[in-house]
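Chain and residue survey
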Amino acid sequence: MTQAGAPLLRSIEILDQHGERRAIEIPAERPLTVFVDKRELVTLMTLGAQPELLVLGYLLNQRLIAGLGDVQSISVDWEVDAAAVRTRAGLADLEARTAHRIVTTGCGQGTVFGEAMGALDGLQLPDAQAARITQRQLYALLDSLKQRDTVHRRAGSVHGCALFQGGRMLVFAEDVGRHNAIDTIAGWMLVHGVGGADKVFFTTGRLTSEMVIKAAQMGVPIVVSRNGVTAMGHDLATRLGMCLFGRAANRHFLCYTGLERFDAEPQTAGPAPA
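Below is a summary of the structure that appears in this document. (Residues numbered from 1 in each chain as written. Predicted model: local features only at pLDDT ≥ 70, side-chain atom pairs only at ≥ 80, totals over all residues. Heavy atoms only, no water.)

A word on the overall build of the protein
Under the convention used in this document: Runs of E in the DSSP output that reach at least two residues are strands. Runs of H or I that reach at least four are helices, and both are numbered from the N terminus. Per-residue accessibility, obtained with a 1.4 Å probe over protein chains only, is compared with the maximum for each type, and a residue is labelled buried under 20%, exposed over 50%, and partly exposed between these values. In this description, contact between two residues means that some pair of their heavy atoms is separated by no more than 4.5 Å. Computed with a 1.4 Å probe, the accessible areas rest on the Shrake-Rupley method; for each residue, only the protein chains presented here act as cover. Charge convention: Lys and Arg are scored as positive, Asp and Glu as negative, and His as well as the terminal groups of each chain are ignored. Charge positions come from single atoms, namely NZ of Lys, CZ of Arg, CG of Asp or CD of Glu.
What the protein contains, in helices and strands, is eight helices and 16 strands. If you line up the protein on its principal axes, its C-alpha atoms span 60 × 60 × 30 Å. Expressed as a percentage of the 274 residues in the protein, the buried residues total 51%. Pairs at least 24 apart in sequence give 54% of the contacts found in the protein among residues at least 6 apart. By element, 49% of the accessible surface of the protein is carried by carbon and sulfur atoms, the whole surface being about 12,900 Å². Looking at charge distribution, the protein has the averaged site of its 27 positive side-chain charges lying 3 Å from that of its 28 negative ones.

Printed below as a string of structure tokens:
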């Protein structure tokens, strides 16, 4: 794979409410058109921080590849805003498999191919005793995210996702859409051979059906969001036995589903440290 990370921010001049002109930074959104074996598949709007991992995770979460062995190479060229994917044996029936697209609420109009939607019955997450989280661990996760220097903190307008094991953050990704950020993490997991059974996934975005499906496909049973949950996201998480936390910031949270995976410690819910 190439390592074609692009500049994440661009400086512009603005006029503020006091009539003053000054320079600020904004996220450098750009299109990335994905070609698989020379056939155009999709155009993703992205920051371009880790484009190869984004493309890999996208293909995996759309169930167009089964694993890293299906891919021979991924080359990103920002001069033409394209990612060229070469597979080892081709993707059988690619047109038929991508014909049924469901438009989702993903930022920038994400899509979930019908095959991914239809594969939910085959997903099996670890049981509640094997994968759980305490209230203290949840707070520690949120505290560690507050300390991180992010594009969002500097410029806003992006979503962030992270993968945790215990209290340790394994990987963090930001992009213009939450679906891109989760796909980048899925690509990282695939490249590094990391499973999701003992992990916790965090996102700043809302927990829609798309996000729940992708987290489940990654094998992650516990998902934390700074935002809320949709009815379909809630129904799917309940069906899959996932634990969903929403509106999670400082010492506040709502546990929507999967209470059997959560060890509540109400005595820890004091005011957040200054």
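Next comes the rest of the write-up.
Digging into the nonpolar core
Quick reminder of the rule: Residues belong to one nonpolar core when they are buried, are Ala, Val, Leu, Ile, Met, Phe, Trp, Tyr or Cys, and are joined through side-chain atoms within 4.5 Å.
Counting 29 residues, the largest nonpolar core has Leu 163, Ile 185, Phe 201, Met 218 and Met 242 as the members making the most contacts within it. For this core, the element with the highest residue contribution is helix H6 (residues 178-192), accounting for six residues. Excluding residues within four positions of it along the chain, Ile 185 makes contact with Cys 161, Ala 162, Leu 163, Val 171, Ala 173, Phe 201 and Met 218. Ala 6, Val 34, Leu 56 and Leu 94 belong to the second largest nonpolar core, which has 24 residues in total.

Quick notes on the sheet that holds strand S5 (residues 71-77)
Applied cut-off: At least two bridges found by DSSP between two strands are what make those strands a pair. Lines are fitted to the C-alpha atoms to define the axes, a helix being fitted only along its stretch in contact, and any angle between axes, read from their N-to-C directions, falls within 0 to 180 degrees.
Strands sit in the order S4-S3-S6-S5 across an open sheet of four strands; the sheet is mixed. If you trace the sheet from one side to the other, it starts and ends with strand S4 (39-46) and S5, each paired once. For this sheet the average axis-to-axis angle between neighbouring strands, irrespective of direction, equals 20 degrees.

Focus on the packing of H6 against helix H7 (residues 209-217)
Let me state the cut-off plainly: Throughout, the term roughly parallel applies to angles under 35 degrees, roughly antiparallel to angles over 145, roughly perpendicular to angles from 65 to 115, and oblique to all others. All amino acids are sorted into three groups, where Ala, Val, Leu, Ile, Met, Phe, Trp, Tyr, Cys and Pro are nonpolar, Asp, Glu, Lys and Arg are charged, and the leftover types, Gly among them, are polar.
At a minimum axis distance of 11 Å, the contact between H6 and H7 shows a crossing angle of 0 degrees. In terms of orientation, H6 lies roughly parallel with respect to H7. Only Glu 210, Met 211, Lys 214 and Ala 215 of H7 make contact with H6, whose side of the interface consists of Arg 178, His 179, Ile 182 and Asp 183. By residue class, the composition of the contact of H6 with H7 is three nonpolar, one polar and four charged.

Structural notes on the pairing of strand S13 (residues 222-225)
Filter applied, for reference: The crossover handedness rule: strands pointing away from the viewer, path from first strand over the helix to second strand clockwise, crossover right-handed.
On S13, burial covers both faces: Ile 222 and Val 224 on one face and Val 223 and Ser 225 on the other are all buried. Bridge count for strand S12 (residues 200-203) against S13 is four bridges, and the pairing is parallel. Bridge pairing links Phe 202 to Val 224 in S13. With H7 bridging S12 and the parallel S13, this β-α-β connection has right-handed handedness. Where S13 lies against strand S14 (residues 243-249), three bridges are found, and the strand directions are parallel.

In short, the description is geometric, and any link to function would need to be established separately.
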